[in-house]
Amino acid sequence: MKALQYSEYGPSSVLRIVELPEPQPGAGRIRIAVRAVGVNPFDWKVRSGAFGDTTPSRLPMVPHSDAAGVVDAIGEGVEGVAIGDEVFGVAVGGSAAEHAVLHEWTAKPAAMSMAEAAGLPNVVETAGRAFGLLGLEKGQTLLVNGASGGVGIAAVQLAVARGAAVIGTASERNHDFLRGLGVTPVTYGAGLADRVRALAPSGIDVALDTAGRGAVAELVTLTPTPADVVSITDFDAPKHGARVTDGSQGRAWATMREVAALYSEGRFAMPVERAFPLEEAAAAHDLSESGHVRGKIVLAL
Ligand SMILES: NC(=O)c1ccc[n+]([C@@H]2O[C@H](COP(=O)([O-])OP(=O)(O)OC[C@H]3O[C@@H](n4cnc5c(N)ncnc54)[C@H](OP(=O)(O)O)[C@@H]3O)[C@@H](O)[C@H]2O)c1
């Protein structure tokens, strides 16, 4: 099968198309014929070698983990899914290939495109996990710093669906888009806390930081306690009393099912800013790294 691979850490030019044997699903797993692959910042961070010292990858490796496709092999003990079903989920051993083995998956709503589905697994899981930590409840006011990226868009829609009032930061070109999701937009950057206080005089209950860049110091001044702020990207957040999550304490994959149901009710959608062929994965990584994508980038097979 055709697969994307790299043999050394480095810039996006280390990505190559290679031929590999098709993987086989072990017990509890399924294999899909991949139709689309989601691009997450984690994918190019790993490729760059950013985690090479702490959690080295076994090279060469097939990058990416999010994918959508058609089930074409089923491992021992798996129930509730059949050959030919359309699913989206998370791969072991890389998803950027013609076939991938999934360890978590959810049925894709028929009306959802493969591209849109491929972008969902990690961002919706992350939003669900962060809300679990924050104890987000109906009627609360949530601030999402970085509301127009993959995790941000997943988070604000989930929060609105769960009955929260949501304020979200983005650059001004994304404000109308956020309003369309039922979110009150606010511009990020210095002075954020004052702008948020003006929008929410009775305060913010909980805050999710998806963007880092020093914002946590201001976010903790807005919530009842600093621990009511969770960052997914600023590993210095605990210095301000905020919490950080990287998924090592457990994942919230069930959020994929919640989002599939919301999609079918017309209450969730994920914009795909651009789809690239597998052969142009380097350009996809570079665009993701530019840091201003609205929604998701995917690789289409
Ligand atoms: N810890 C975990 O478990 C976990 C899980 C998933 C992701 N992450 C990390 O979380 C981060 C976000 O992931 P993602 O997939 O949402 O990334 P993404 O889709 O690439 O995020 C892009 C968005 O970031 C916004 N942005 C850029 N600069 C900003 C700033 N200074 N303040 C607020 N927003 C800003 C942009 O908005 P504008 O275009 O409007 O500027 C853009 O919409 C990444 O660092 C990723 O590695 C961590």
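Caption draft 1: Looking closely at the pairing of strand β14 (residues 296-300). Burial analysis of β14 places four of its five residues in the buried class, which makes it a mostly covered element. Here strand β3 (residues 30-39) pairs with β14 via four bridges, running antiparallel. Each residue of the ladder has a partner; that of V39, found in β14, is I297. Alignment of strand β13 (residues 272-277) against β14, held across five bridges, turns out to be parallel. Considered in β14, the bridge of V272 is made with K296. In this fold, the crossover linking β13 to β14 by way of helix α9 (residues 281-289) has right-handed handedness.

Caption draft 2: Layout of the site of the ligand. Lining the immediate surroundings of the ligand are 31 residues, of which G149, G150, S171, A211 and H292 lie closest. Among the elements of the structure, α1 (41-48), α3 (121-134) and α4 (150-161) are those that each provide at least two residues to the shell around the ligand. Grouping the constituent residues of the shell around the ligand by class yields nine nonpolar, 19 polar and three charged. A domain split of the shell around the ligand shows at least three residues from each of domain 1 (2-120 + 270-300) and domain 2 (124-244).

Rules and cut-offs
Residues numbered from 1 in each chain as written. Predicted model: local features only at pLDDT ≥ 70, side-chain atom pairs only at ≥ 80, totals over all residues. Buried ≥ 20, exposed ≤ 12 C-beta atoms within 10 Å, placed from the backbone. Helix = DSSP H or I, 4+ residues; strand = E, 2+ residues; numbered from the N terminus. Pairing = 2+ DSSP bridges. Right-handed = clockwise from strand over helix to strand, strands pointing away. Near = placed C-beta within 6 Å. Nonpolar A, V, L, I, M, F, W, Y, C, P; charged D, E, K, R; others polar. Domains from an automatic or database assignment.

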